[in-house]
Amino acid sequence: MLPSQSIEDSFRHQGMRRRMVEGLRAKGIVNEPVLQAINKVPRHAFMDTAFLEMAYEDRAFPIAADQTISQPYTVAYQTSLLDIKRGDKILEIGTGSGYQACVLLEMGARVFTIERQRELFDKTSKLLAALKYKPKMFFGDGFKGLPVDAPFDKIIITCGAPFIPPLLVQQVKIGGWMVIPLGEKEQRMTIVLRTSEDDFETREFDMFKFVPMLPDKVKNQLK
Ligand code: SAH
C-alpha cells in the first residue's frame with residue numbers, strides 16, 4: 001500500500017458510497033446482492049487520496065501502469081450478468097486495482113484473478129492484504145487462464161477482448177459461463193454459455209469501452 005492511499009472508511013465515505021449505489025439503482029441496476037456488495041467495498045481505498053471526491057462518482061479512473069479502475073456501473077453490470085451464488089468459483093482476467101475482485105468476494109464467491117502487469121500485481125497484492133480481502137492472485141497471462149485450477153463456475157474478463165480466448169472457454173464448467181467485453185475499440189458485453197463439452201451459446205448485451213486485453217508480457221513466468 002502506498003502512503004497516498006487510505007483504507008480508513010469514515011462516515012463520509014460511507015455516505016458517498018450509499019449515494020453512488022442509489023445512482024446505480026437509478027441507472028437500472030436491480031440486482032440487490034450486487035448493490036449490497038458495492039455498498040460494502042471502500043472504493044476510495046483503491047484510488048489515490050487526492051481523488052477522494054471522484055472515488056464515488058460513476059466513472060472509470062486511472063490507476064497505475066496506464067490502466068483504469070472500471071466504472072462502478074460497469075462493475076455492477078458485469079457482476080449482475082455473472083449472477084453470483086455463494087461459493088461460486090470465479091476466474092477474473094485483469095485484476096487491475098482489485099476492486100472488481102473485492103465486489104465478488106463480498107458476494108461470497110471464491111475468486112481467482114490474473115494480472116499481466118507486475119507493477120499492478122505487486123501494488124494490488126499489498127492493498128488487498130491491508131484491506132483483508134483474500135482472492136487468489138496470479139501474475140500471468142489471462143489468455144491462458146489457470147488450467148490447473150479449472151474448471152470455474154464463471155469467468156469474467158475486465159479488459160476488451162479481441163476474440164473469445166479459446167483456452168479460457170475450455171476452463172468454464174458445463175452449465176457455467178463467461179462474461180466478456182468483445183471487440184477492439186468498443187466492446188459488446190457478451191455471455192458465452194457452455195452448454196456441453198463442445199457446445200457454446202452466446203448472448204449479446206450493451207456496448208462498453210475497456211482498456212485492451214493484451215497478449216503475453218510474462219512468457220517466462222508462466223508455462
Ligand atoms: N478489474 C479491474 C479493471 C482493471 S482494467 C478493476 O476492478 O480495477 C483491466 C486490467 O486488465 C488491467 O490491469 C490490465 O493490465 C489487465 N490485462 C490486460 N490484458 C491482460 C491479460 N492478457 N491477462 C491479464 N490481465 C490483463
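Residues numbered from 1 in each chain as written. Predicted model: local features only at pLDDT ≥ 70, side-chain atom pairs only at ≥ 80, totals over all residues. Heavy atoms only, no water.

### Quick notes on the site of the ligand
The criterion, for reference: In these notes, residues near a molecule or strand are those with any non-hydrogen atom within 4 Å of it. Here a polar contact is taken to be a pair of N or O atoms separated by no more than 3.5 Å, where protein atoms must pair a possible hydrogen donor with a possible acceptor and residues adjacent in sequence count only if both atoms sit in side chains. Values of accessible area rely on a 1.4 Å probe in the Shrake-Rupley scheme; residue burial ignores everything except the protein chains shown. Only protein atoms enter the 1 Å grid used here. Points where a 1.4 Å probe fits but cannot escape make up a cavity, open sets with protein on both sides within 12 Å along at least five of seven lines make up a pocket, and a residue lines them when an atom lies within 4 Å of a point. Each molecule is assigned to a cavity or pocket provided more than half of its atoms lie within 2 Å of the corresponding grid points. By the criteria applied, helices consist of DSSP H or I runs no shorter than four residues and strands consist of E runs no shorter than two, each listed in order from the N terminus. Residues were grouped as follows: Ala, Val, Leu, Ile, Met, Phe, Trp, Tyr, Cys and Pro as nonpolar; Asp, Glu, Lys and Arg as charged; and all remaining residues, including Gly, as polar.
Taken together, the neighbourhood of the ligand is formed by 27 residues, with Glu 92, Ser 97, Glu 115, Gly 142 and Leu 214 sitting nearest. Thr 158 is positioned such that a nitrogen or oxygen atom in its side chain is 3.1 Å from a nitrogen atom of the ligand. Separating a nitrogen atom of the ligand from a backbone N or O atom of Leu 214 is a distance of 2.7 Å. Taken by itself the ligand offers 580 Å² of open surface, and the protein chains cover 99% of this. In a pocket analysis with a 2 Å cut-off to the grid points, the ligand is assigned to the largest pocket. Elements with a contribution of two residues or more to the shell around the ligand: strand S2 (68-69), strand S3 (89-93), helix H5 (99-106) and strand S4 (110-115). Considering only residue class, the shell around the ligand consists of 11 nonpolar, 12 polar and 4 charged.

### Considering the nonpolar core
Let me state the cut-off plainly: Side-chain atoms within 4.5 Å link the members of a nonpolar core, which is a set of buried Ala, Val, Leu, Ile, Met, Phe, Trp, Tyr and Cys residues. The classification of residues rests on relative accessible area computed with a 1.4 Å probe and restricted to protein chains. Under 20% of the type maximum is buried, over 50% is exposed, and intermediate values are partly exposed. A contact between two residues is defined here by any heavy atoms of the two lying within 4.5 Å.
Grouped together as the largest cluster of nonpolar side chains are 52 residues, with contacts concentrated most on Ile 38, Phe 46, Tyr 99 and Leu 104. The set of elements that each furnish at least two residues to this core consists of helix H1 (11-26), helix H2 (32-40), helix H4 (72-82), H5, helix H6 (118-131), strand S5 (136-139), strand S7 (172-182) and strand S8 (187-194). Ranked by the residues each element gives to this core, the list is headed by H4, at 6 residues. Among residues more than four places away in sequence, those in contact with Leu 104 are Thr 79, Leu 82, Ile 84, Ile 90, Ala 109, Val 111 and Ile 156. Ranked by size, the runner-up nonpolar core spans 18 residues in total, among them Phe 112, Leu 168, Val 192 and Met 213.

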